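Coordinate inspection notes
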Amino acid sequence: MSGVDGGERTAQAGGPLDDPQVANAQVTHVTQRPLGVLAALPQELGDLIEAMRAESGVRTVIHGRRDYHVGTVHGVPCVVTLARVGKVAAAATVSALIHAFDVEAVVFTGVAGGVGEQVRVGDIVVANALLQHDLDASPLFPRFEVPLLGMSRFAADAALAAQLAQACERFIADEGAASAARFGTREARVHRGLIISGDQFVASAAGVRALRDALPDALAVEMEGAAIAQVCHEYGVPCAVVRTISDTADDHAPASFVSFLTEIAGTYSNAILTRFLKARGER
Ligand code: ADE
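Throughout what follows, the structure given in this document is the object of discussion. (Residues numbered from 1 in each chain as written. Predicted model: local features only at pLDDT ≥ 70, side-chain atom pairs only at ≥ 80, totals over all residues. Heavy atoms only, no water.)

Another aspect to go through is the environment of Ile-196. Along the chain, Ile-196 falls in strand S9 (residues 190-197). Here Ile-196 falls in the buried class, since its relative accessible area comes to 0%. On a C-alpha basis, the gap between Ile-196 and Asp-217 in space is 9.9 Å, while along the polypeptide they are 21 residues apart. What Ile-196 contacts, discounting residues up to four positions off in sequence, is Leu-131, His-133, Leu-211, Leu-215, Ala-218, Ala-220, Val-221 and Glu-222. (Helix = DSSP H or I, 4+ residues; strand = E, 2+ residues; numbered from the N terminus. Buried < 20%, exposed > 50% of the residue type's maximum accessible area, 1.4 Å probe, protein only. Contact = heavy atoms within 4.5 Å.)

Structure, rendered in structure tokens:
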């Protein structure tokens with residue numbers, strides 16, 4: 001933790017951690033490494049930080065121009081942060097989670113554009129594997145391959161991804177019909193498979209067709225997940241990515257993305273993360 005406590009600005013937010021007796025009670029948790037939970041944008045995190053504030057209090061650590069919120073949610077010690085947008089931002093953030101906060105695993109949540117023919121707005125995709133669709137050092141290396149690592153697809157942790165998918169299925173069983181009626185979407189489906197990432201917001205029929213042609217098994221496109229999966233692979237940290245489909249990466253994508261992000265994304269994240277963390281807290 002030297003990276004955090006040495007030389008970085010730390011701020012103590014209000015809550016039970018301010019009470020020394022409660023702080024002492026936390027000592028029993030010191031050996032339990034936290035879970036890193038992150039999203040790109042605040043709307044994609046839902047009310048997670050408020051839930052942490054209510055349950056344990058929040059200690060906010062500023063590191064590399066980001067706020068890392070440390071506390072407990074649904075019984076699970078967590079470090080919650082925003083990566084911001086793009087692969088570099090995501091890689092920098094997850095690297096800090098690993099090195100400065102010693103997270104035991106990483107979960108990324110947010111929205112994505114649907115690429116697979118069966119993937120519609122309102123569906124949920126849990127990654128089995130992730131790939132950078134804009135990485136191309138050909139002819140020196142095969143298209144999509146990370147040079148010198150010899151890999152293009154990074155596997156999500158199977159157990160973590162299965163737990164996330166179960167949380168999604170439970171959400172749909174509990175609230176799928178009601179939330180479909182509320183948001184005017186069809187009842188959500190959970191898909192599992194390949195998520196692709198690149199430093200572009202894909203927003204044209206031609207663009208999404210080109211991705212489908214190059215990567216026929218891709219289900220969803222976003223801008224962070226594969227960078228997180230690569231860094232986690234390199235450090236041996238389990239990771240999983242869940243994405244709700246905000247648009248279908250075509251010409252309607254900008255409008256669909258904005259309305260989904262502002263009106264729906266937080267509800268989905270809350271519902272999925274609550275179920276996922278409660279189940280993890282009961283382990
Ligand atoms: N995230 C959500 N929708 C996206 C899209 N169409 N392209 C890239 N990232 C996205």
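Let us now look at helix H7 (residues 225-235). Among the 11 residues that make up H7, eight are buried, leaving the element largely enclosed by the rest of the structure. Considered for burial, the residues of H7 that qualify are Gly-225, Ala-226, Ala-227, Ile-228, Ala-229, Gln-230, Val-231 and Cys-232.

Note that the residue after Ser-138, namely Pro-139, is joined by a cis bond; omega there is 5°. Along the chain, the position of Pro-139 falls in the loop between strand S7 (124-132) and strand S8 (154-155). Positive phi values are uncommon outside glycine, yet His-74 reaches one of about 50°. Along the chain, the position of His-74 falls in the loop between strand S4 (66-73) and strand S5 (76-82).

So, on to the site of the ligand. By nearness alone, 13 residues border the ligand, and Gly-113, Phe-201, Val-202, Glu-222 and Asp-247 come closest of all. Between the ligand and Gly-113, the relevant distance is 3.2 Å, taken from a nitrogen atom to a main-chain nitrogen or oxygen of the residue. One of the side-chain N or O atoms of Asp-247 is found 2.6 Å from a nitrogen atom in the ligand. Bound to the protein, the ligand loses 97% of the 260 Å² it would expose on its own. (Near = heavy atom within 4 Å. Polar contact = N/O pair within 3.5 Å; in protein donor to acceptor, adjacent residues only side chain to side chain. Areas by Shrake-Rupley, 256 points an atom, 1.4 Å probe, with all protein chains shown as cover.)

For helix H4 (residues 87-99), with 13 residues, the first-to-last C-alpha span of 18 Å sits near the 18 Å given by 1.5 Å per residue. Listed in full, the buried residues belonging to H4 are Lys-87, Ala-89, Ala-90, Thr-93, Val-94, Ala-96, Leu-97 and Ile-98. (Expected span 1.5 Å × (residues − 1).)

Another aspect to go through is the nonpolar core. For soluble globular proteins, nonpolar side chains are generally found buried alongside one another. Judged by nonpolar contacts, the single largest core of 42 residues is most densely connected at Leu-35 and Cys-78. When residues in this core are grouped by element, the largest group, nine residues, is from helix H5 (residues 158-183). Setting aside residues no more than four positions away along its own chain, Cys-78 makes contact with Pro-34, Leu-35, Val-37, Met-52, His-69, Val-70, Gly-71, Thr-72, Val-73 and Leu-277. Leu-38, Val-106, Ala-127 and Ile-195 belong to the second largest nonpolar core, which has 38 residues in total. (Core = buried A, V, L, I, M, F, W, Y, C linked by side-chain atoms within 4.5 Å.)

Any link to function would need more than the numbers given here.
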